[in-house]
Amino acid sequence: MVHLRRTVAALLAFGSARAYAVSITDIQGPAFLSPLRGQTVSNVAGTVTAKSTSGFWIQGPAVQDVRVSNGLRVFTSSKSILSSVSVGDSISLSGTVSEFRSSSSPNDLFGTELDSPTHITVLSSNNAVAPLLLGVDRSPPTERLSALDAGADGWLSVPNNQSRIESANATLRPDTFGIDFWASLEGQLVTVRAPVALDFANGFGEFWVHGDWKVTGGKNSRGGLTITLGPGGVPDANPEVVIIGSPLDGTKNPSVSLGKTFSDITGVIIYQFGFYYILPLTAPTVLSTPDPNIPGSTIKPSSDACTLTIGDYNVENLGPEVAHLPTVGDHIANSLNSPDIVFLQEIQDNSGSTDDGTVSANVTLSTLAAAVASASASGKTYAFLDIDPQNDKDGGEPGGNIRTAYLYNSTKFHLVSGSPAGGALDATVPVLGPDGKVTLTFNPGRIDPTNAAWDSSRKPLVAAWETATGTRFFTINLHLTAKLGGSSTQGDARPPVNGGVEQRISQVQTIATFLKALFALDPSANVVVGGDCNEYAQTRAVFAPFVSAGPDGVGLTEADEAARVPAAERYTYLFDQSSEQLDHLFLSPAIVARGGVAVEHVHVNNWAPSLSARASDHDPSVARVKVC
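Residues numbered from 1 in each chain as written. Predicted model: local features only at pLDDT ≥ 70, side-chain atom pairs only at ≥ 80, totals over all residues. Heavy atoms only, no water.

(A) The confidence of the model for the protein, seen in detail. For the protein, the average pLDDT comes to 95, and 97% of its residues sit at 70 or higher. A low-confidence stretch, residues 1-17 (pLDDT under 50), is modelled with 62 contacts involving residues beyond four sequence positions or located in other chains. (pLDDT = per-residue confidence, 0-100. Contact = heavy atoms within 4.5 Å.)

So, in C-alpha cells, the structure goes:
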C-alpha cells in the first residue's frame, strides 16, 4: 500500500527554488534528509523501475558511497503524467525535492521524493535495471536499529523518546544500524532471495520477512526471529528484516504464517506507516509451509505432592459464549496436559463484552472448567478461583471486566484456611498465622488494589496454598498494563516509545514490595509469580524489582532461565518482525534451589496456519517446579 494523499501532507521545505541539474544521488545524499530538500531541480535522469497509482520510481547510476541511494520516488497522482512513462523508460525530468510524512503520523520518518514533476522527456525505452541482491550485493546489519538508541537496554531502554532521528539528521551508518541500512536503499529496486515469513500478515496483507542473509542468534526452530540479548548484552532489535507491502501490479500476497517460505521478492524500498517497506512488483508464491501438526507439552502432572505443574494462558477475552472457549479447553486438557494449576488472564464476566454491570465470572469459569473436563480423557473437573473487579475499572474490552483467575486441581492442594476471601478493593498482606506459618489476611486477595499503579489495569491475584503433606506455596497471577500508545521500532523517536512502560515498572515494584514483606516473614517461601506481563524480559528496567538481589529487588529467577530454555525458543507472541515473550513465570530462590525446573512454550496459536485458526494471540506455557 502506498500513501494516497496530499491533504495530510507535511513537507519539509528549505532553501531556494532555483532550478539546476542534479543526479538522484545528489538528491538522496548520505544523511536521512536530502541536502536539496525544498529545491527545484532539473534534468534529473533515471530509468523507471516501478509504477503505482500515486507515482513512479526511477534509478540512476550508483556511486561508491553505500550511504547514498541511487533510487528515488516521484510523487504524482496525475493520470496523464503516469501514462506518459513506462517501466524501462530512461527519462529526464524536473521537480521539487521534498521530505514527506503524514501530518497524522508525527513519529514517522520523512521519505525523500520528487514532487510536482514537469518537463518529462523519455530518452529511450525497454531498458533493464538489475535489482540489488540483498544478501549478495548488500546485507542488513544485525542487532542494532539506531545510534540514538542509547542506554544499557538499547532500543528497549527506559526512559525512551529521548531524541529524534530527523532532528539529528546524522550521516547514515548502514553497516552498523538497521534503520540507516534501509534508508540508504530508499527508492532502489532490490530482491529478497528465499524470504521466510516472521509473523502472520496484517489486515492489508503485508508481512515481515528475512531473506538469504546472516541473521542473529535469535532465529528460532520455526524460522522466526526471537528477541534475545546480543553479544554485548544489549537487546537485539532484529533489524535485518523488512516488511513486504501490497504488490504494485494489483496481485494479492498469499496467506502467510510463521516460517512459510516464498519465491524471491523484487520491489522498491519506501518508508511508510512507520517502517521501511519493499513494495513488490508482483506477489510471491508459497514454496513451503511448516508442519501443521503442533506438538503439545511433554510436561505432565506428577503424583508426587512436592512436584507441581503450572500452566499460564492469556485466553483473549474469554466469555462464556465465545466461539474459542472449547478450543481453549482442549488446549488446556491435551496440549498442556491439564496442569495442577493454570494461571489465566483475560477472563471476562458472565455477560462477556456486554456492558450491563455484570462483574461475576463464575459462569465463564465453570463453562471453561467443563470444556476442559469434556476434552480430557480423565474427565476430571477443575476448581476455579477469582475475585470480581469493580465494574469497568480494570481496563480491557469495555464491559468485559477481564481479570486474572486460576483453575486448579483441588485434590492435590487447597487454599490455606482461616482467612476470608478478599473483594475488589481489599488489600491482602502476608502475616504469621496462629500456627506460625505465613498466610494472607485475605486469601485469595489482591495486592494493593487502590494503588495508582493499577488504575485501569488488572489487579494481581495472590493466593496461599497448602499441599496434602502440609507444604505451603504462594502464587501471584498478574496481567500488567498493555503496550498502548507506543511508537514503531523504525520511527523517529529514539529509543522507541514503549507505551505504558512507566506504569508497568510501578506495578512490578508494587508486587515486589508485597514480596519483600512475605520474604521478611519467611525467606524460604515458595512463590510463583506469573502471567501476561506485556513486556519482554530484555526490558530489564521493568523486571529489575523482581530479579535484582539485595535491597533493590527480591531475587526471583525467570523460569525460562532456571530451566535453561534456549534463548531463541523463549517466545509466546508474534508482533511485527519479532517472536517475543510477553508471558513470564518468576520463581522464588527456594524453588530454584531445589532444581528440576522445566518450562515449555506450547505454540498452539502462533504456529497456526492462519490468524483465524488461533484461539488467542498468546501461546500458553507449562512449567514444572518443586515446592518441597
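(B) Seen up close, the state of the cysteines. A complete count under the given rule lists 1 disulfide for this structure. A sulfur-sulfur distance of 1.8 Å marks the disulfide that ties C306 to C628. Negative torsions about the S-S bond denote left-handed disulfides, and the value of about -105° found for C306 with C628 makes this one left-handed. Of the two residues, C306 is situated in the loop between β17 (286-288) and β18 (307-318) and C628 in the segment after β35 (621-626); the sequence distance between them amounts to 322 residues. Accessibility expressed as a relative area gives 34% for C628, which makes it partly exposed. (Disulfide = S-S within 2.5 Å. Helix = DSSP H or I, 4+ residues; strand = E, 2+ residues; numbered from the N terminus. Buried < 20%, exposed > 50% of the residue type's maximum accessible area, 1.4 Å probe, protein only.)

(C) Inspection of the packing of helix α5 (residues 325-335) against helix α6 (residues 362-375) at higher detail. Between α5 and α6, the shortest axis-to-axis distance is 8 Å and the interhelical angle comes to 55°. Relative to α6, α5 is oriented oblique. The element α5 and its partner α6 pack so that their crossing is right-handed. Residues L325, P326, V328, G329, D330, I332, A333 and N334 of α5 form the contact with α6, whose own contacting residues are T364, T367, L368, A371, V372 and A375. Taken together, the residues that form the contact of α5 with α6 break down as 9 nonpolar, 4 polar and 1 charged. (Axes fitted to C-alpha atoms, helices over the stretch in contact; angles between N-to-C directions. Parallel < 35°, antiparallel > 145°, perpendicular 65-115°, else oblique. Left-handed = near helix turned anticlockwise from the far one by under 90°. Nonpolar A, V, L, I, M, F, W, Y, C, P; charged D, E, K, R; others polar.)

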